[in-house]
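# Reading the structure
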Amino acid sequence: MYRPILLLFFALLPSVLRSQDSISFDYRPATVVVYNASDPASTELANYYVKQRGIPAGNLVGLKCQNIETISREVFDKEIDLPLRTAFDERGWWETTRQPKDGLMATKTTMRVITLIQGIPLRIATQAQPPTKDPRTGKDLPPNPIDENASSVDSELAVFGVLEKLSRGMVSNPYFKATTPFFKTGLTPMFMVGRIDGPNKAIAKRLIDDAIAVEKEGLYGKAYIDLAQKNQPGYKMGEDWLINSARMLELRGIPVIMDTWAPTLPSGFPMSDCALYLGWYTQNADGPFVNPAFRLRRGAVAVHIHSFSASTLKSDSLNWCGPLVAHGACATLGNVFEPYLSFCAHLDIFTDRLLAGYNLSEAAWMSTPALSWMSVVIGDPLYRPFGAVPGNGDKKAAPEYKAIRLALQRWGKPEQKSELEDGLQRMAEGLKSPAIYEFLALHAQAGENKNWPAAQKWFDLAAKSTTTTEGLIRLQFLMADAMRRDGDNRKAIKLLNGVVEKYPSAPEAGAARTLVQQIRDSK
């Protein structure tokens, strides 16, 4: 029954189906793939990547380097930087010129992206430096944190074309906040860098397969935003990034479930169909990510802000980046050492650029203020999760989420509320879709709205069309949160206690108890 209804719905929306040719660019011929030639697994993975992605085999560069995550600055220079420069020189990939103020640098290059393969070291350790002198007194100045010369290998290679840079501290990212595809910029000393890596070779290989498979149709599912309620000076910007991201996603027709409690989501929370996850501020993977069976939706983008989120990628439980990809994420961002919050990726910019159709590496480096610093981009840098147009491709693939996205493009203005609700209700009836009704309920409460009566109608319709126990429990959680936001803690607690009573052995029962305690503690 859904097919004619869905085709009719798509036919109503020709004006919103726009090409993204101005953003799309074939970076494959301009992508250098760097692997550890001393590591057979790295070699195998690099060859697999170029074959599957269609990158010329001549773009492979094997380096004989130590297969450890942390190296010294001296080892980086000797085993990574210098051999890679030699490869660029010998293969004619760039032209270098000495600039009056900047020294020797790349002024023309045929290569724009560097993909690092598992086996290439991750972090450059701090190297002792002579203290900075006060020019007035000649005395040693106290160390400036932003003069730290530790960095990620990845961020160091982002400024690979600056051939006589200082090793003291960060440099400003000229691509930060850009709104232009990287291939259109004149930033020849800079490269888009991404890393195919993870706790083991199988996970790293999956990053390749998932990116290629998912971008054919686009990424669809729900977004989960996990706030930390850190609104004090110096931290509020992190909360703002997440809140802004939530609003962008919701207005683009992506259902958003936002956890407004300070702790992370409880481990048993039914985080189904999670295509995007943004959260902060715990050191190690927490919440649903401690559940061995939990998996994100294929192609998911998941980021948790923490100063040491990428201190290691070899663990599926320590820090965040390793666990996120172990639980199915196709892309994540992280930091190898303390970056300071303002120099982390600004996740609202990252979200905006992904939604606009940019690839992972463009969106990541557009959102990162500093280079030669602490950030890493995990995943195929060419991955474009939102490059596909929702009305194209297989009409049977993710029809509910495509319908929501198209509806918001067509009827997303506030004055079109009735048209949006009518259009989506027709689709929900045709598809018998609880996901569409759930979106309407969440949409009724988006932003500052706390209107439980407006949401209740849609929650009730969602419950009537839900056929799974997990789906019913999810709705109970969402309804309880809507009641709490509307000021009715008593009803919220009653609903959550009902989950515990009806499903006492389910993992969600523990999550319900946690949420009940949080409500009680908030009084």
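Look up: the structure comes first, before these words.
The written sequence of each chain sets the order in which its residues are numbered from 1. With the structure being a predicted model, the display of local features is reserved for residues of pLDDT at least 70 and the display and counting of side-chain atom pairs for 80 or more, all residues being used for whole-chain, interface and lining totals. Each side-chain value is worked out from all heavy atoms of the structure, with water and hydrogens disregarded.

In this description, a nonpolar core means a group of buried Ala, Val, Leu, Ile, Met, Phe, Trp, Tyr and Cys residues linked to one another through side-chain atoms lying within 4.5 Å. When a residue's accessible area, from a 1.4 Å probe over protein chains only, is under 20% of the maximum for its type it is buried; when over 50% it is exposed; and in between it is partly exposed. Counting 92 residues, the largest nonpolar core has Phe88, Val153, Leu157, Leu276, Leu347, Phe350 and Trp365 as its most contacted members. In terms of residue count, helix α3 (residues 73-90) provides more of this core than any other element does, 6 residues in total. Note on definitions: a residue-residue contact is assigned when non-hydrogen atoms from the two residues lie within 4.5 Å. Contacts of Phe88, omitting those with residues within four sequence positions, involve Val32, Trp93, Trp94, Thr109, Met111, Phe160 and Phe191. The next biggest cluster of nonpolar side chains, apart from the first, holds 80 residues, and it includes Tyr277, Leu408, Trp452 and Ala480. Only DSSP runs of H or I with at least four residues qualify as helices, and only runs of E with at least two residues qualify as strands; both kinds are numbered from the N terminus onward.

In this section: the packing of aromatic side chains. Both the distance between ring centres and the angle between the ring planes are used here to describe each pair of aromatic rings. Stacked, edge-to-face and tilted are the three classes for Phe, Tyr and Trp ring pairs, Trp counted by its six-membered ring, which pair at centre distances within 6.5 Å; planes under 30 degrees apart are stacked, over 60 edge-to-face, the rest tilted. In total, this model carries 20 aromatic pairs according to the counting rule given. Here Phe289 and Trp320 contribute two aromatic rings whose centre-to-centre distance is 5.7 Å and whose plane-to-plane angle is 75°, an arrangement assigned as edge-to-face. Here Phe289 is found in the loop between β13 (274-280) and β14 (301-305), whereas its partner Trp320 is found in the loop between β14 and α7 (321-326), with 31 residues between them in sequence. Comparing Phe289 with Trp320 shows no difference in burial state: the two are buried. An aromatic cluster is present here, built from Phe88, Trp93, Trp94, Phe160 and Phe191 joined pairwise through their rings. Two limits define a charge over a ring: the Lys NZ or Arg CZ must be within 6 Å of the ring centre, and within 35 degrees of the ring normal. In this arrangement the basic side chain of Lys230 is found over the ring face of Tyr235, its NZ or CZ atom lying 4.6 Å from the centre.

We now examine the pattern of salt bridges. Should a side-chain nitrogen of Lys or Arg be within 4 Å of a carboxyl oxygen of Asp or Glu, the pair is scored as a salt bridge. Across all of its chains, the model carries 20 salt bridges by this definition. The salt bridge involving Asp380 is made with Arg53; its shortest N-O contact spans 2.8 Å. Of this pair, Asp380 sits in the loop between β17 (375-378) and α10 (399-411) while Arg53 is found in helix α2 (residues 40-53), placing the two residues 327 residues apart along the sequence. No difference in accessibility class separates Asp380 from Arg53, as the two residues are buried. Asp197 serves as the salt-bridge partner of Arg195, at 3.1 Å between the closest nitrogen and oxygen. Taken together, the shared-partner salt bridges in this structure form one network comprising Arg53, Glu215 and Asp380.

This part takes up the sheet that holds β14. Through backbone hydrogen bonds, the strands of a sheet pair up, either in parallel or in antiparallel fashion. For two strands to count as paired, DSSP must find a minimum of two bridges between them. Taken together, 4 strands build an open sheet; the order of strands is β12-β11-β13-β14 and the sheet is parallel. Here the strands that pair on one side only, and so sit at the sheet edges, are β12 (256-259) and β14. Adjacent strand axes in the sheet meet at a mean angle of 10°, parallel and antiparallel pairs treated alike. The pairing of strand β11 (residues 222-226) with β12 spans 4 bridges and is parallel. If you follow Ile225 over to β12, its bridge partner there is Met258. Each axis is a line fitted through C-alpha atoms, and for a helix only the stretch in contact is used; angles between axes span 0 to 180 degrees, taken between their N-to-C directions. On the sheet, helix α8 (residues 347-355) packs against β13 and β14 and is oriented at approximately 170° with respect to β14.

Two quantities define a packed helix pair, namely the angle between the helix axes and the distance between the axes. For the pair helix α6 (residues 236-251) and α8, the least separation of the axes is 7 Å and the interaxial angle reads 20°. Between α6 and α8, the angle falls in the class roughly parallel. Our pair here, α6 against α8, has a crossing hand that is right-handed. Of the residues in α8, those in contact with Trp241, Leu242, Asn244, Ser245, Met248 and Leu249 of α6 are Leu347, Asp348, Thr351, Asp352 and Leu355. Residues are grouped as follows: Ala, Val, Leu, Ile, Met, Phe, Trp, Tyr, Cys and Pro are nonpolar; Asp, Glu, Lys and Arg are charged; every other residue, Gly included, is polar. Grouping the amino acids of the contact of α6 with α8 by side-chain chemistry returns 6 nonpolar, 3 polar and 2 charged. Reported orientations rely on four angle classes, namely roughly parallel under 35 degrees, roughly antiparallel over 145, roughly perpendicular from 65 to 115, and oblique for the rest. Crossing handedness is defined as follows: a turn of the near helix away from the far one that is anticlockwise and smaller than a right angle gives a left-handed crossing, while the clockwise case is right-handed.

The pairing of strand β4 (residues 94-99) with strand β5 (residues 103-109) spans 6 bridges and is classified as antiparallel. Residue Glu95 lies in a different strand from β5, and its bridge partner there is Lys108. Counted between consecutive antiparallel strands, the loop separating β4 from β5 contains 3 residues.

The subject of this paragraph is the sheet that holds strand β7 (residues 123-124). What the 3 strands build is an open sheet, ordered β3-β7-β8; its pairing is mixed. Bordering the open sheet on either side are β3 (70-71) and β8 (151-152), each of which pairs with just one other strand.

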